[in-house]
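A closer look at the structure
Here's the letter readout for the chains.
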Protein chains: 2
Amino acid sequence: MARKILVLGAGKSTSYLLDFFLDNSVSQNLHLTIGDLYPNNIAKDIVNHPHCNIMTLNIMENESRSKAIQSADIVVSMLPVRLHTKVAQDCLQFKKHLVTASYISDAIRKLDPEVRESNLVFMNEIGLDPGIDHMSAMEVIDRIRNKGGKMILFESFTGGLVAPENDTNLWNYKFTWNPRNVVVAGQGGTAKFIQEGTYKYIPYHKLFRRTEFLDIEGYGKFEGYANRDSLWYREAYGLQDVLTLYRGTMRRVGFSRAWNIFVQLGMTDDSYQIENSQGMSYRQFVNLFLPYSPTDSIELKLRHYLKIDQDDIMWEKLEELDLFSATKTITRANATPAQALQQILEESWTLNDNEKDMIVMYHKFGYELEGKKKQLDANMVVLGENRTHTAMAKTVGLPVAMATLNILNGKITSPGVQIPITKEVYGPILTELENHGIKFNEFQALYLGYNPDSVAS
Amino acid sequence: MARKILVLGAGKSTSYLLDFFLDNSVSQNLHLTIGDLYPNNIAKDIVNHPHCNIMTLNIMENESRSKAIQSADIVVSMLPVRLHTKVAQDCLQFKKHLVTASYISDAIRKLDPEVRESNLVFMNEIGLDPGIDHMSAMEVIDRIRNKGGKMILFESFTGGLVAPENDTNLWNYKFTWNPRNVVVAGQGGTAKFIQEGTYKYIPYHKLFRRTEFLDIEGYGKFEGYANRDSLWYREAYGLQDVLTLYRGTMRRVGFSRAWNIFVQLGMTDDSYQIENSQGMSYRQFVNLFLPYSPTDSIELKLRHYLKIDQDDIMWEKLEELDLFSATKTITRANATPAQALQQILEESWTLNDNEKDMIVMYHKFGYELEGKKKQLDANMVVLGENRTHTAMAKTVGLPVAMATLNILNGKITSPGVQIPITKEVYGPILTELENHGIKFNEFQALYLGYNPDSVAS
């Protein structure tokens, strides 16, 4: 009898996930059920696949959700994180394994004792970021430790960008996933990390001015800004004694400096509504954040307020967005500044059907081995195929799919609510990802840390 | 039989309030009961006054609170705003009038129908700001309207500062009320106001760079930065059609520009704890917010980060606080940045026993009368006598005391949960405040608005 996989949510990032299951459906004896609120959006070749059936499913309806989960062997939830709790509770009740690409919520973490007792695997954070970052980092960290090395620095950066061949605007950026998350990125708390043993804190309004540069051979220069809380990873990765711990987001060089204009103006604020937003011109929108003047232009007021020089390329970036248009208007009523800005950006930054995205990841591992300080850098670049088969969908979906199969096949057995940081989990998946072109290039670097005086060799 | 006034909370700002009741206790036939959690702090001349008795009262103990309220004729609550709700509920139950200097909370606003039905007066926001600002503004606005004028601009600023004779530091500032409120001022929401018919929004990280200057004859120049929400006053003051509406906080010139350094660094953040704060030097505290460097000094890193010129007086202001001291340390464990900064500031900015504070208030009223645009400015300066009898205590306490007496004497009769914006309330109190030296100087100004082209005359 076929093993039954239930996939909840067939949104944008599930193309590779579904293909993987169906490509393996015969050899692995799989039957796939896809439950989605709007199943009409699912591609025809999937809908018509003999090993697949589709159901309209409202995850908030307890009866139909429970029934679907009860009749599966394993559940994959690609739903928004807030919808995972009820799914996880059902999985526990009906003794089904669960796989998600989302951060573990407190509600799900609490289930751990019962999940262990039931000998179930609830695998979370096994997409791209979180996911591939955990696995690739732990693989190197374990390798360093096995050689007797002691970790002293870990930095990790991920970015969802546009492929070089379609990198055609001044921002070197297009939306390749949820635009809203990009607009509000960095809000909701001061960025915290450790540098050479010292805690460092960056408030949101300085976040995009504290970047560092990163090079990837064949792809040029990138920049990284700090994620909200790097300290969490001390515990998860066993890096309590590390001197430097930093997690960041990658962009092309110059993005952050220009984005900072929106931050400084207050345009990324999502905490209040503009009551007269509907029909407001982009130009009027900008003026909300500038001092009043009866005579001076909005352009000059903005240049003066943020001290933008006449010949600064940042200015061209704003003009490229039609930010000063008196005719283009905000369509949404009672929009927050962030929602209005999102509309403006989506008009310029949306990927066309034939355009490709790009995922980049960059790790730095500093360690001490036999009295010497060393550094290993590892980076990964994945290019998308088209707007459906994106690098984002590939890097999120494949690890989820592989973990699901490995649980079904008894290759992942340790029970509990977990993330992929054990060799049992990451070992086979990283190997299999390489076969799909998702691989890291490693190279030994000089250990620079942040103390040039103590450079090795 | 004496009329019984119950005063709940005998904290710092109650000296004038209690004196007023006791000074009038014979002529007005008053008996005062003071309920406080720590009554030992109450001055001896009050404790020993024949018309006064003191009780230890924990406002959270329902029985003793209810009993105290039940035996009073009117209740004055000088407690923190979060403790008002239970007091108000008791007052409603036992049919007692209530007076507070606090903003009306939603919980208390909800009581309005029942308060009206019971023919009770619950007077709120009748201290300084809110309080004297409401009364003095509405008195002028009503006067302008009675002459047939139409309001087009209202700006109002208040500041709690140090008296000129004790204005001895580079910041021209000392704490004259709750230091914590000063450190976190402006947080908790974007500042919103209207300027010449256009909404304007200022995010917190720009708030202290968008000041305007104000002159008070005999006292020199001040500056004002925007309060959080000026729009609320449209409804309350009946200013729905006004073109400009702005409420702000007054400081001496240069304060805001220097304070902005703390804001930019992230030192005023109260949302997270520094886990190793205890014993940390001021210098190390500053370094938490600066990029790491193995060689550069904290001073140079800070100058470079915030682009502070060599000869900028802002720098001397930081040094005056001993901000770069390697020996002075933060005493609190797990302090938030705001708590650590507060400690540093309190060491420099605390008023000595013999020093005096100063309250300043500045209103601008723009209006159209007989086809002409006009402007009336009104300002008030009140100086403290000493550290107990402060200008703050006087301007907060006297309106509260006067309103209490006027309610007892049947001069304020309109029932309901209210603020002092009706002539019935503000008329007699403003007159009486003048007798205590709390008065506004008015002068006709050119209507400037923010459109120099349309200046009258």
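Per chain, the residues get numbers from 1 upward, laid out in the order the sequence is written. To read the labels, note that chains go from A and ligands from 1, taken in the order they are written. With pLDDT at 70 or above as the cut-off, local features in this predicted model cover only qualifying residues; side-chain atom pairs require 80 or more to be listed or tallied, and sums for whole chains, interfaces and linings still use all residues. Based on all heavy atoms of the structure, the side-chain values leave hydrogens and waters out of the count.

Here the focus is the overall build of chain A. Comment: elements are numbered from the N terminus, with helices defined as DSSP H or I runs of at least four residues and strands as E runs of at least two. In terms of regular secondary structure, chain A is built from 17 helices and 16 strands. To get the radius of gyration, use the C-alpha atoms; to get the globule rule, take the number of residues to the power 0.38 and multiply by 2.2 Å. For chain A, the C-alpha radius of gyration of 24 Å lies close to 23 Å, the compact-globule estimate for 457 residues. Based on the C-alpha atoms only, the size of chain A along its principal axes is roughly 75 × 60 × 40 Å. Residues classed as buried in chain A amount to 59% of the 457 residues present. Look at the contacts in chain A between residues 6 or more apart in sequence, and 71% of them connect residues 24 or more apart. With the model as given, the accessible surface of chain A reaches about 19,000 Å², and the carbon-plus-sulfur share is 47%. Measuring between centres, the 48 positive side-chain charges of chain A sit 3 Å from its 54 negative side-chain charges. Using a 1.4 Å probe on the protein chains alone, a residue whose accessible area is under 20% of its type maximum counts as buried, one over 50% counts as exposed, and one in between counts as partly exposed. Contact between two residues is taken to exist if any of their heavy atoms lie within 4.5 Å; hydrogens are not considered. Values of accessible area rely on a 1.4 Å probe in the Shrake-Rupley scheme; residue burial ignores everything except the protein chains shown. When charges are counted, neither His nor the chain ends are considered; positive counts come from Lys and Arg and negative counts from Asp and Glu. We put the charge of a Lys on NZ, of an Arg on CZ, of an Asp on CG and of a Glu on CD.

Before going further, it helps to spend a moment on the domain arrangement of chain A. Where the parts come together, the accessible area they lose is often given as the size of the interface. Residues and elements named next belong to chain A. Domain limits in this description derive from either an automatic procedure or a database domain assignment. When cut into domains, chain A gives domain 1 (3-124) and domain 2 (128-280 + 330-390 + 438-457). Domain 1 and domain 2 are separated by 29 Å when their C-alpha centres are compared. Residue-level contacts link six residues of domain 1 with eight residues of domain 2. By definition, the buried area sums, over both parts, the 1.4 Å-probe accessible area that each loses when the two are put together. Of the roughly 610 Å² buried between domain 1 and domain 2 on both sides combined, carbon and sulfur atoms contribute 44%. When the buried area of domain 1 at its contact with domain 2 is split by residue, S15, Y16 and Y103 rank highest and sum to 68% of it. In protein, a polar contact means a hydrogen-donor-capable atom and an acceptor-capable atom, both N or O and within 3.5 Å, with residues adjacent in sequence counting only if both atoms are side-chain atoms; elsewhere, any N or O pair within 3.5 Å suffices. In this assembly, domain 1 and domain 2 are joined by three residue pairs in polar contact (both at pLDDT 80 or more). Looking at the side of domain 1 that touches domain 2, its residues break down into three nonpolar, one polar and two charged. Residues are grouped as follows: Ala, Val, Leu, Ile, Met, Phe, Trp, Tyr, Cys and Pro are nonpolar; Asp, Glu, Lys and Arg are charged; every other residue, Gly included, is polar.

Another point: the pattern of salt bridges. For this document, the term salt bridge refers to a Lys or Arg side-chain nitrogen within 4 Å of an Asp or Glu carboxyl oxygen. One pass over the full model with this rule turns up 34 salt bridges over all chains. Between E275(A) and R234(B) there is a salt bridge, with its nearest N and O atoms 3.8 Å apart. Separated into two different chains, E275(A) in the loop between α11 (255-265) and α12 (282-287) and R234(B) in helix α10 (residues 232-237) make up a pair that spans both. Two residues, D215(B) and K221(B), come together in a salt bridge whose shortest N-O distance is 3.6 Å. Taking relative accessible area as the criterion, K221(B) reaches 41% and is therefore assigned partly exposed. Through salt bridges that share partners, D129(A), D133(A) and R247(A) make up one connected network.

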